[in-house]
Amino acid sequence: MAAACKAPAESRHDFDDKAAERGRIVAAAAGCAACHRLPGIDWPQGRAGPDLTAFDGRGPIAGALPNTPGNLAAFVRNAPAAKPGSTMPAMPITPSEARDVAAYLYGIADD
Amino acid sequence: MSPPISMVLPMTDAQTVFDAWWGWPPPVLDPAGPYAESVTVLAWALFAMGAVVTAIVAAALYVALFGPAKLKARIGGEKTVWIMGIAFPGVVLLGLLVWGLTLTASLTDPIRGDEQRIRVTGHMWWWDVEYLDAQGRVVLRDANEVHLPVGRPVVLELRSADVIHSFWVPNLSGKKDMIPGRTNLLKVQAEKAGYFGGVCAEYCGGPHALMGFVAVAHEDADYRRFIAGEPLGVPSLAEQQDVPGQLPALARRTGAVAPVSAQAGAVGGALDGEALFMANGCAACHRVAGTEANGLAGPDLTHLSRRLTLAAGVLPNNRGSLQGWIADSQAIKPGNRMPSYDLLSAQDVAAIAEWLDTPR
Ligand SMILES: [Cu+2]
């Protein structure tokens, strides 16, 4: 099933459902929702950061970085390093968890 | 409100109350010390008794509907009513009453004087926690979590600053009300190190459902470090295994990443978090030892960097959730007594969070 929906390698939406679901759980456990509204996370729905129910996977990440899975994963894990000056702090997630979170975010964009 | 999603995590090590409550057996049936043990035994006994009574009633019903007339005549008399309807329940209930009362009394064992004393004061909707020495002097002031030494009895002095709350750590003991103007004592003892979820078990208005805490039982050496205010050793993310699809619970617990100030491109460090904290009125409600901040209306923030959770057990404590809380606590815990600071710039919030997150 995961293989069936695998997009061509150059696609930004290169993710599988399982990774996206893992990413959702990671995002919930790490407390991303303390600042962001995120689909599939009922509580909390913080307002300090952008509403990510509107994440479209197209524009530059945080207005600065090319929107690729690698950049997105790096950004959600350590935003100030990926984009100097970002007020979003580094989050306690591992690199593979960050990739799952990126898959989750691209999943939002796909719906 | 539907339960936060972190409840679905099969975490072995808990972080927020919700995580601590997840898993099997449920905390009420998973005693971690002698006082909870007796409650668990009573709970199973009551359950067994209920099962027996249900079986007797079902059997009687069966006989009444389909049983032979002779049997019905034999057991249908007044004698059965006297025995099964009055004598049997009378004896059983009396026995249970005596058991329950002695058990309740044993939960408030006489204080011998050598126990660790911890004073917990319920507030709408958080917990003030003070560690006392034998003379009752405050050694350490903290909030929203209760740390216990493994294998030693602890006397909790439970009070309330406003309405009635109730202190409940199912793994450790039964519930005990916190009543304004009174100090209720509760003796607990943890026999194994670990993280146990606790909640307020008495509706106290507003975001009562988001009033929890985490109880942490430490081995002796760790406990002494805790009381001395030292940082609690947590491996940094780099030392932890990165197993795809599996959550490293330890990192999750404290948000163990490099301090943001040490990272390239960090914003907070450039601004004076302490000055912003004072200028924005935070100090009127919060105490940070060693600074001018001496407010009492909110949790003591001195040792915030060691805290597992934020906002009374409900958010994992990391820099992100801390910034989200300061910027807009009302979005997270509606009705709580801290105003949202949504007019502060994100840079100012980051600077304040950076300063609060410094071990002290
Ligand atoms: Cu309460």
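Described below are features of the structure shown in this document. (Residues numbered from 1 in each chain as written. Chains lettered and ligands numbered in written order. Predicted model: local features only at pLDDT ≥ 70, side-chain atom pairs only at ≥ 80, totals over all residues. Heavy atoms only, no water.)

### Examining the sheet that holds strand β3 (residues 138-143) of chain B
All names here are of chain B.
Okay, so step 1: Taken in spatial order, the five strands line up as β3-β2-β1-β5-β8 in an open sheet, and their pairing is mixed. Lying at the two open borders of the sheet, with one neighbouring strand each, are β3 and β8 (184-188). Neighbour-to-neighbour, the strand axes of the sheet open up by a mean angle of 25 degrees, direction not taken into account.
Okay, so step 2: Sheet topology places strand β1 (residues 116-123) next to strand β2 (residues 126-132); seven bridges connect them, and they run antiparallel. If you follow R119 over to β2, its bridge partner there is E130. (Pairing = 2+ DSSP bridges. Helix = DSSP H or I, 4+ residues; strand = E, 2+ residues; numbered from the N terminus. Axes fitted to C-alpha atoms, helices over the stretch in contact; angles between N-to-C directions.)

### Things to note about the coordination of the copper ion
All names here are of chain B.
Okay, so step 1: Protein-derived coordination of the copper ion comes from H165 (ND1), C200 (SG), C204 (SG) and M211 (SD), at a distance range of 2.1 to 2.7 Å.
Okay, so step 2: Given four donor atoms and angles of 97 to 125 degrees at the metal, the environment of the copper ion is assigned as tetrahedral.
Okay, so step 3: The sequence pattern formed by the donor residues of the copper ion is H-x34-C-x3-C-x6-M. On the criterion of sequence distance, the pair formed by C200 in strand β9 (residues 194-200) and M211 in the loop between β9 and β10 (212-218) is long-range, its members being eleven residues apart.
Okay, so step 4: On the basis of relative accessibility, which here comes to 1%, the residue M211 falls in the buried class. (Donors = N, O, S within 2.8 Å, 3.2 Å for Na, K, Ca; no water. Tetrahedral: all angles 85-135°; square planar, octahedral: opposite > 155°, others 65-115°. Buried < 20%, exposed > 50% of the residue type's maximum accessible area, 1.4 Å probe, protein only.)

### Structural notes on unusual backbone geometry
Glycine aside, residues mostly have negative phi, and peptide bonds are mostly found in the trans state.
Okay, so step 1: In the segment running from W43(A) into P44(A), the intervening peptide bond is cis, with an omega of -10 degrees.
Okay, so step 2: Its place among the elements puts P44(A) in the loop between α1 (17-30) and α2 (69-77).
Okay, so step 3: Along the chain, M124(B) connects to W125(B) via a cis peptide bond; the corresponding omega equals 10 degrees.
Okay, so step 4: Mapped onto the elements, W125(B) comes out in the loop between β1 and β2.
Okay, so step 5: Non-glycine residue A62(A) carries a positive phi angle of around 50 degrees.
Okay, so step 6: Here A62(A) lies in the loop between α1 and α2.
Okay, so step 7: With relative accessibility at 40%, the residue A62(A) sits in the partly exposed group.
Okay, so step 8: Phi at A311(B) is positive, roughly 60 degrees, even though this residue is not glycine.
Okay, so step 9: Position of A311(B) relative to the elements: it lies in the loop between β11 (309-310) and β12 (315-316).

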